[in-house]
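# Structural characterization, general
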Amino acid sequence: MNRPVANLRGIHVLLIDDDHLARDFLRSVLELSDAIIRATGAVDAIRIALIADVIVCDLASAEAADSEFLERLRRMHVRQGRRAPAIALAGQGLRDARVRAPGFQRYLTKPVDGDELRAAVLEQFRR
């Protein structure tokens, strides 16, 4: 049974993944729902001018950047007095991901299901 595709129209998403193939796939998944996407690797993420409503970040890319990477991003992406929530994409087990990177509001396992990713972005945006 097909679930309805989440409508992400107008939601600004900062997508971070150092793997350009994964980044391109995830961008297309979110663009399908009309999200406004800025996709980049971790090194360039700090320089992005877009103020994100939601950050979607590959956990390995964040860890490769440095230990303060996520917190610096969240301080930069403040809209209406609220720091942007962050969704981690983990290639390994989720329990380990929560211990390694506790600052994320939601954790998804790679390869991520497109419907699950869109629903997670919408859920975090509405919080």
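Every value quoted in this text rests on a predicted model; they were computed, and no experiment measured them.

## Some remarks on unusual backbone geometry
- Note that the residue after lysine 110, namely proline 111, is joined by a cis bond; omega there is -5°.
- When you line up the elements, proline 111 lands in the loop between β7 (106-109) and α6 (114-126).
- Positioned with a positive phi, aspartate 34 is a non-glycine residue whose angle comes to about 70°.
- Looking at the secondary structure, you find aspartate 34 in the loop between α1 (20-31) and β2 (36-40).

## A few points about the nonpolar core
- In this structure, Leu14, Ile16, Ile55, Cys57, Phe69, Leu73 and Phe104 are the most contacted members of the largest nonpolar core, which totals 22 residues.
- Among the secondary structure elements, those contributing two or more residues to this core are β1 (12-16), α2 (42-45), β3 (54-58), α3 (59-65), α4 (69-76) and β6 (86-90).
- Setting aside residues no more than four positions away along its own chain, leucine 14 makes contact with Arg38, Thr40, Ala45, Ile48, Ala52, Val54, Ile55, Val56, Leu73 and His77.
- Membership of the second largest hydrophobic core comes to 21 residues, among which are Val13, Ile37, Val56 and Ile87.

## Concerning the confidence of the model for the chain
- In the predicted model, the chain carries a mean pLDDT of 87, and the fraction of residues at 70 or more is 94%.
- Within the chain, the lowest mean pLDDT, 72, falls on helix α5 (residues 94-100), and the highest, 96, falls on α1.

## Digging into the side chain of aspartate 53
- Positionally, aspartate 53 belongs in the loop between α2 and β3.
- Residue aspartate 53 is classed as buried on the basis of its relative accessible area of 7%.
- In this structure aspartate 53 touches Gly10, Ile11, His12, Arg79, Arg82, Ala84, Pro85 and Phe125, once residues within four positions along its chain are discounted.

## Some points on the layout of surface pockets
- Volume-wise, the largest pocket comes out at about 190 Å³.
- Breaking the lining of the largest pocket down by element, the ones donating at least two residues are α3 and α4.

## Quick notes on the pattern of salt bridges
- Under the counting rule described, the total for this entry stands at 9 salt bridges.
- One salt bridge connects aspartate 44 with arginine 47, and the closest N-O pair in it is separated by 2.5 Å.
- Connected through salt bridges with shared partners, the residues Asp17, Asp58 and Lys110 form a single ionic network.

## Concerning the sheet that holds β3
- Reading across from one edge, β2-β1-β3-β6-β7 is the order of the 5 strands in this open sheet, with parallel pairing throughout. The open sheet has two free edges, formed respectively by β2 and β7, since each of these has just one partner strand. Strand-to-strand, the axes of this sheet are offset by a mean angle of 20°, without reference to chain direction.
- Two elements, β1 and β3, share 4 bridges in a ladder whose sense is parallel.

## Looking at α6
- Its 13 residues place the ends of α6 19 Å apart at the C-alpha level, agreeing with the 18 Å of an ideal helix rising 1.5 Å per residue.
- Listed in full, the buried residues belonging to α6 are Gly114, Leu117, Arg118, Ala120, Val121, Leu122 and Gln124.
- Considering only its buried residues, α6 is in contact with β1, α1, β3, β5 (82-83), β6 and β7.
- Between the side-chain oxygen of the N-cap and the backbone nitrogen of aspartate 115 there are 3.2 Å, and the N-cap of α6 in question is aspartate 113.

## Digging into α1
- In this model, α1 (12 residues) spans 16 Å end to end at C-alpha, consistent with the 16 Å of a helix rising 1.5 Å per residue.
- Residues of α1 that are buried: Ala22, Arg23, Leu26, Val29 and Leu30. Viewed along the axis of α1, the buried residues span an arc of 125°, placing them on a single side of the element.
- Those residues of α1 that are buried lie in contact with β1, β2, β6 and α6.
- Looking at where α1 begins, the residue whose side-chain oxygen comes 2.9 Å from the main-chain nitrogen of leucine 21 is aspartate 19.

Definitions and limits used
- Residues numbered from 1 in each chain as written.
- Predicted model: local features only at pLDDT ≥ 70, side-chain atom pairs only at ≥ 80, totals over all residues.
- Heavy atoms only, no water.
- Helix = DSSP H or I, 4+ residues; strand = E, 2+ residues; numbered from the N terminus.
- Core = buried A, V, L, I, M, F, W, Y, C linked by side-chain atoms within 4.5 Å.
- Buried < 20%, exposed > 50% of the residue type's maximum accessible area, 1.4 Å probe, protein only.
- Contact = heavy atoms within 4.5 Å.
- pLDDT = per-residue confidence, 0-100.
- 1 Å grid on protein atoms, 1.4 Å probe; cavity = no way out; pocket = protein on both sides within 12 Å on 5 of 7 lines; lining within 4 Å.
- Points joined across faces, edges and corners; volume = space filled by probe spheres on them.
- Salt bridge = Lys/Arg side-chain N within 4 Å of Asp/Glu carboxyl O.
- Pairing = 2+ DSSP bridges.
- Axes fitted to C-alpha atoms, helices over the stretch in contact; angles between N-to-C directions.
- Expected span 1.5 Å × (residues − 1).
- Polar contact = N/O pair within 3.5 Å; in protein donor to acceptor, adjacent residues only side chain to side chain.
- Arc of directions from axis to C-beta.

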